[in-house]
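Here are the chains, one letter per residue:
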Amino acid sequence: MRIKELSAHLTQITKWAVVFPMNCYLVQEEDGLTLVDSTISSPADDVAALAKRLGKELRRVALTHAHGDHAGGVAGLRTMFRGVEVSISERDGRILAGDKALLPTEPQTPVKGSFVKVDWKPDRLLKPGDRVGSLEVVASPGHTPGHIAFLDVRDRALIAGDALQTRGGIAVSGDLRLLFPFVAMATWNKPSALASAVALRALNPSLLATGHGEALTNPGTAMDRAIESATPPPPR
């Protein structure tokens, strides 16, 4: 694991940083710690070492979506940190439980990507506007039907999951980057992903932390560039 402090509140933990980087993020709160995402296998040992160094307990695990490279490490975290609260969006909670059926109101494109079979259930199902500590839940469907991002209301750092990527070049989910095509390949609905990226950009985040790639400070210009690249040309 590679560990990088991004701010006074936020630490990036990266698994397989060179080959296939998967990020999770440790958020410091007054009452303890929140981990956003969990990579494909348990980061529990590294989280425990960081928690000991910080003198705080891990209290919450919050998932941006149900794909295995974000939810796969939860089982190990639940084993080491008894009583930790695990949350995911209400919509992706159904996918996590194995139900990939689309709602009648959703674009009828197949749900894509790799999912792990879990033997646990989330303790909390999140809706837009909910809070997980200092993190506000922001709807960002597209990569999956129930994808969410988290905005830290203290400093406007945005943990965007796979709504955008920075590995291989910044991109909106679904906009293929040949140096790291995997986010695009696992995207459910490109128009929804683009609309979500536009909405996240409107939050004017101070920092962009994605599921794959380096975090960006003052990311507005880069996000604009990614949105422009993902926007289809007007019909002639």
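Preceding this section is the structure that the text describes.
The sections below set out a description of the structure shown in this document.

Counting buried residues along strand β10 (residues 148-152), 5 of its 5 residues qualify, which places the element largely inside the surrounding structure. Going residue by residue along β10, you find Ile148, Phe150 and Asp152 tucked away on one face and Ala149 and Leu151 tucked away on the opposite face as well. Inspection of the sheet shows strand β9 (residues 135-139) paired to β10 by 5 bridges, in the antiparallel sense. Along β10, the bridge assignment pairs Glu136 with Leu151. Both β10 and strand β11 (residues 157-161) contribute to a ladder of 2 bridges, which runs antiparallel. Across the sheet, residue Phe150 finds its bridge partner in β11, namely Ile159. Two successive antiparallel strands, β10 and β11, enclose a turn made up of 4 residues, where Arg156 displays a positive phi of approximately 65°.

Let us look at unusual backbone geometry. Although it is not a glycine, Thr39 adopts a positive phi angle of roughly 60°. Counting through the fold element by element, Thr39 comes out in the loop between β4 (32-36) and α1 (44-54).

Turning our attention to the pattern of salt bridges. Counted under the stated rule, the structure contains 11 salt bridges. The closest approach of N and O atoms between Arg53 and Glu5, which form a salt bridge, is 2.8 Å. Of the two residues, Arg53 is situated in helix α1 and Glu5 in strand β1 (residues 2-5); the sequence distance between them amounts to 48 residues. Residue Asp31 is joined to Arg60 by a salt bridge in which the shortest nitrogen-to-oxygen separation is 2.9 Å. Of this pair, Asp31 sits in the loop between β3 (22-29) and β4 while Arg60 sits in strand β5 (residues 58-62), and the two are 29 residues apart along the sequence. Given a relative accessible area of 10%, Arg60 falls into the buried group. Among the charged side chains, a salt-bridge network with shared partners connects Arg2, Lys4 and Glu214.

Before going further, it helps to examine the sheet that holds strand β15 (residues 216-217). Spatially, β8-β9-β10-β11-β14-β15 is the arrangement adopted by the 6 strands of the open sheet, whose pairing is mixed. If you trace the sheet from one side to the other, it starts and ends with β8 (131-132) and β15, each paired once.

Attention now goes to the packing of helix α6 (residues 190-201) against helix α7 (residues 220-230). At their nearest, the axes of α6 and α7 sit 10 Å apart, and the two run at 160° to each other. On the basis of the axis angle, α6 is roughly antiparallel to α7. Considering how the two elements wind past one another, α6 and α7 form a crossing that is left-handed. Residues Leu194, Ala197, Val198, Leu200 and Arg201 of α6 pack against Gly220, Met223, Asp224, Ile227 and Ala230 of α7.

Okay, the packing of aromatic side chains next. Aromatic rings in a pair are described by how distant their centres are and how their planes are angled relative to each other. Counted under the stated rule, the structure contains 3 aromatic pairs. Ring centres of Phe20 and Phe180 lie 5.1 Å apart, and the angle between their planes is 50°; this geometry places the pair in the tilted category. A residue pair is termed long-range when its members are at least 10 positions apart, and Phe20 in the loop between β2 (10-15) and β3 and Phe180 in the loop between β13 (171-172) and α5 (182-185) qualify at 160 residues. For Phe180, a relative accessible area of 1% puts it in the buried group. Taken together, a centroid distance of 5.1 Å and an interplanar angle of 50° make the contact between Phe20 and Phe182 tilted. Note that Phe20 is positioned in the loop between β2 and β3 and Phe182 in helix α5, a separation of 162 residues in sequence. Residue Phe20 is classed as partly exposed on the basis of its relative accessible area, which comes to 21%. Look at Phe182 and you get partly exposed, because its relative accessible area is 40%.

What counts, and at which threshold
Residues numbered from 1 in each chain as written. Predicted model: local features only at pLDDT ≥ 70, side-chain atom pairs only at ≥ 80, totals over all residues. Heavy atoms only, no water. Buried < 20%, exposed > 50% of the residue type's maximum accessible area, 1.4 Å probe, protein only. Helix = DSSP H or I, 4+ residues; strand = E, 2+ residues; numbered from the N terminus. Pairing = 2+ DSSP bridges. Salt bridge = Lys/Arg side-chain N within 4 Å of Asp/Glu carboxyl O. Axes fitted to C-alpha atoms, helices over the stretch in contact; angles between N-to-C directions. Parallel < 35°, antiparallel > 145°, perpendicular 65-115°, else oblique. Left-handed = near helix turned anticlockwise from the far one by under 90°. Contact = heavy atoms within 4.5 Å. Phe/Tyr/Trp six-rings, centres within 6.5 Å; stacked < 30°, edge-to-face > 60°.

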